[in-house]
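Observations on chain architecture
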Amino acid sequence: MSFVEGLRCRECGTRVPVAAVHVCEWCFGPLEVVYDYDAMRGRVTREAVAAGPESIWRYAPLLPEPPASDPAGRVDLGAGWTPLVPAPRLGAAVGLRDLWLKNDTLNPSYSFKDRVVSVALTAARALGFDTVACASTGNLAHSVAAHAAQAGMRSFVFVPADLEQAKILATAVYGPNLVAVKGTYDDVNRLCGELAGEHDWAFVNVNVRPFYAEGSKTLGFEIAEQLGWRLPDHVVAPMASGSMLVKIDKAFSELVTLGLVDDVAWRVSGAQASGCSPIATAFKDRTGRLRPVRPDTVAKSLAIGDPADGYYALDAVHRTGGAVEDVDDREIVDGIRLLARTEGVFAETAGGVTVAVLRKLVRQGRIDPGGRTVAVVSGQGLKTLDATADLLGPTFTIGASLDEFGAALSLAAPGPRPVPRSEPA
Ligand SMILES: *Cc1c(COP(=O)(O)O)cnc(C)c1O
Ligand SMILES: [Zn+2]
């Protein structure tokens, strides 16, 4: 029951059959998956979705699925259907009355990348590949290695050599061919582009990128379904290539097309780290021109200096009336701590970026304080312990005696320790 019609160029509209290709032969524009929405009507219903698995695959008709006859089936570690939780304490701290968190730290490899990888490897296997590869800023490597292990596929994962130790180890344990490249993500990506021409491998974010990118739509589908089939007023999402944000917007449009939600206006806003903010810079310049940068930020998972979907992300932000902002390393760490202290969610640096940008956008009056806002928390904090290591430790260190603890207790704050409210300099 696949509704996929083929691939289409996002620039010139040229159609091509499903294959491991990502650029248009005519204009070099990126290709995306096209579906037959008419055929879905009446078959893709709220009830049918609700009867599906508690994973991204409950939206299988809206994903590039292999045909039911394909014995290979899905590559599935259980990505998705992560909690959407109200965040009243964080909301109060930043000035929002109806804030929610999409907690994607709770995926099988602890980041949102499991959504895109499950879809990409499913497509890769259906297309006949036995080897998968990727260029990664860390989380993708971790997720590809895990899914490839479970699927019994050979994998080559390429990462910048200066990646966080936790991400290297958490990837290596699955037994991939882990290749550390001396250079930035953009160097790694260029190398993978060249390798894709030489090896018959599925590079999840190169030749099978059209399929990979579709996985991010499930964030949008889940947010709407978990809100009782209603769209939020505003979504704030972190941006590396910009693909996730573009696909959340596309997901909302698809739900409207299918009549699964009411067509009310929504906004999407993007969050970047100041040390790698080409999309935020283009948004603020109003030149609309994206200029590649050399990343220098603690938010390594977002450190893409030349974002593939940057223009499409800017388009979605402008079209919906959202905004793009960036925050520096100190604000990112503040964001991580603020989220943890108020809502009990420990996010990696990308989550710190999102929370700090959320706060900034509220201060700028770009988010309606009474509207329903969803912040996407895309990765787990244990992956980037280095970012907070210098600032965190025991509150008290004492000898094992009642007296010493009594002295410490007299210094302890009543109730929860106050939320830090450091202002940007
Ligand atoms: C990859 C990644 C993103 C953003 O990815 P896009 O390239 O913009 O789709 C956000 N958060 C985390 C933790 C990531 O690993
Ligand atoms: Zn084209």
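Look a little higher up for the structure.
Conventions we followed
- Throughout, a residue's number is its position along its own chain's written sequence, starting from 1.
- Chain A is the first chain written and ligand 1 is the first ligand written, with later ones labelled in order.
- Local features in a predicted model are, by the rule used here, given only for residues with pLDDT of at least 70; side-chain atom pairs are given and counted only at 80 or more, and totals for whole chains, interfaces and linings are based on all residues.
- Based on all heavy atoms of the structure, the side-chain values leave hydrogens and waters out of the count.
- Each helix is a run of DSSP H or I of at least 4 residues and each strand a run of E of at least 2, with the numbering of both proceeding from the N terminus.
- Based on C-alpha atoms, the radius of gyration is set beside the globule rule, defined as 2.2 Å times the residue count to the power 0.38.
- The buried label applies to any residue whose accessible area, calculated with a 1.4 Å probe on protein chains only, is under 20% of its type's maximum; exposed applies above 50%, and partly exposed to all values in between.
- Interaxial angle, 0 to 180 degrees, is taken between N-to-C directions of lines fitted to C-alpha atoms, where a helix line uses only the stretch in contact.
- Roughly parallel means an angle under 35 degrees; roughly antiparallel means over 145; roughly perpendicular covers 65 to 115; every other angle is labelled oblique.
- Left-handed is the label given to a crossing in which the near helix is rotated counterclockwise from the far helix by less than a right angle, and right-handed is the label when the rotation is clockwise.
- Two residues qualify as a contact provided that any one of their heavy atoms is within 4.5 Å of a heavy atom in the partner residue.
- Residues are grouped as follows: Ala, Val, Leu, Ile, Met, Phe, Trp, Tyr, Cys and Pro are nonpolar; Asp, Glu, Lys and Arg are charged; all remaining types, including Gly, are polar.
- Metal coordination here is assigned from N, O and S atoms located within 2.8 Å of the ion, or within 3.2 Å for Na, K and Ca; omission of water means that sites may look incomplete.
- Here a residue is considered near a molecule or strand provided that any single heavy atom belonging to it is located within 4 Å of it.
- Throughout this description, a polar contact denotes any pair of N or O atoms lying within 3.5 Å of each other; where both atoms belong to protein, one of them has to be capable of donating a hydrogen while the other can accept it, and for residues adjacent in sequence the pair is counted only when both atoms sit in side chains.
- Where accessible areas are quoted, they stem from the Shrake-Rupley method and a 1.4 Å probe; at the residue level, only the protein chains shown are allowed to cover.
- Only Phe, Tyr and Trp rings are paired, with Trp represented by its six-membered ring, and only when their centres lie within 6.5 Å; those with planes under 30 degrees apart are stacked, over 60 edge-to-face, the remainder tilted.
- For this document, the term salt bridge refers to a Lys or Arg side-chain nitrogen within 4 Å of an Asp or Glu carboxyl oxygen.
- For two strands to be treated as a pair, DSSP must find at least two bridges joining them.

1. Focus on the overall build of the protein
Scanning the protein for helices and strands turns up 16 helices and 13 strands. Relative to the globule expectation of 22 Å for 425 residues, the C-alpha radius of gyration of the protein, 21 Å, shows essentially globular dimensions. If you line up the protein on its principal axes, its C-alpha atoms span 75 × 45 × 45 Å. The proportion of buried residues among the 425 residues of the protein is 55%.

2. As for the packing of helix H10 (residues 243-257) against helix H12 (residues 310-320)
The geometry of a pair of packed helices is captured by two quantities: the angle between their axes and the separation between those axes. Put simply, H10 and H12 touch, their axes get as near as 8 Å, and they point 45 degrees apart. In this view, H10 runs oblique relative to H12, as classed from their interaxial angle. The handedness of the crossing between H10 and H12 is left-handed. On the side of H10, the interface is formed by Leu-245, Val-246 and Asp-249, while H12 contributes Tyr-312, Ala-313, Ala-316, Val-317, Arg-319 and Thr-320. In terms of residue class, the contact of H10 with H12 is built from 6 nonpolar, 1 polar and 2 charged.

3. With respect to the coordination of the zinc ion (ligand 2)
The protein atoms that coordinate the zinc ion (ligand 2) are Cys-9 (SG), Cys-12 (SG), Cys-24 (SG) and Cys-27 (SG), at distances spanning 2.2 to 2.4 Å. Motif for the zinc ion (ligand 2), donor spacing along one chain: C-x2-C-x11-C-x2-C. Taking the relative accessible area as the measure of exposure, Cys-9 reaches 3% and is therefore buried.

4. Some remarks on the site of ligand 1
Residues in close proximity to ligand 1 total 15 residues, the closest being Lys-113, Asn-139, Ala-240, Ser-241 and Ser-378. Lys-113 is positioned such that a nitrogen or oxygen atom in its side chain is 2.7 Å from an oxygen atom of ligand 1. Considered on its own, ligand 1 offers 390 Å² of accessible surface; in the complex 97% of this is hidden by protein. Of the residues contributing to the shell around ligand 1, the split by class is 7 nonpolar, 6 polar and 2 charged.

5. Regarding the environment of Leu-191
Positionally, Leu-191 belongs in helix H7 (residues 185-196). For Leu-191, a relative accessible area of 28% gives the class partly exposed. For Leu-191 and Val-181, which are 10 residues apart along the polypeptide, the C-alpha to C-alpha distance reads 9.3 Å. Residue contacts for Leu-191: discarding those within four places in its chain leaves Phe-158 and Val-181.

6. Points about the packing of aromatic side chains
Tallying each qualifying case throughout the model produces 5 aromatic pairs. For the ring pair Phe-156 and Trp-201, a centre distance of 4.4 Å and an interplane angle of 10 degrees mean the geometry is stacked. Placement of the pair is Phe-156 in strand E7 (residues 154-160) and Trp-201 in the loop between H7 and strand E9 (202-203), with a sequence separation of 45 residues. The pair Phe-156 / Trp-201 is uniform in exposure class, with both members buried.

7. Remarks on the environment of Val-293
As for its position among the elements, Val-293 is in the loop between helix H11 (278-285) and H12. Judged by its relative accessible area of 32%, Val-293 is partly exposed. Sequence spacing of Val-293 and Pro-108 is 185 residues, and the spatial spacing of their C-alpha atoms is 32 Å. Beyond its immediate stretch of four places on either side in the chain, Val-293 contacts Cys-276, Ser-277, Pro-278 and Gly-305.

8. Topic: the pattern of salt bridges
The tally for this structure, following the rule as stated, stands at 26 salt bridges. Here Asp-38 and Arg-41 are joined by a salt bridge, their closest N and O atoms 2.7 Å apart. The exposed category is assigned to Asp-38, whose relative accessible area is 58%. Residues Arg-74 and Glu-65 are paired through a salt bridge, measuring 2.7 Å at the closest nitrogen-oxygen approach. Owing to a relative accessible area of 16%, Glu-65 belongs among the buried residues under this scheme.

9. What to know about the side chain of Lys-247
Tracing the sequence through the fold places Lys-247 in helix H10. For Lys-247, the residues in contact, after removing those within four places along its chain, are Glu-32, Ala-213, Glu-214, Ser-216 and Lys-217.

10. Side note on the sheet that holds E9
As summarised here, the arrangement of the 4 strands in space is E8-E7-E6-E9, forming an open sheet in which the pairing is parallel. This sheet does not close on itself; its edge strands, each paired only once, are strand E8 (177-181) and E9. Of the pairings in the sheet, the one linking E7 to E8 comprises 5 bridges and is parallel in character. Following the sheet pairing, Val-157 is matched in E8 by Leu-178. Docked against the sheet, H7 engages strand E6 (131-135), E7, E8 and E9, running at close to 145 degrees with respect to E7.

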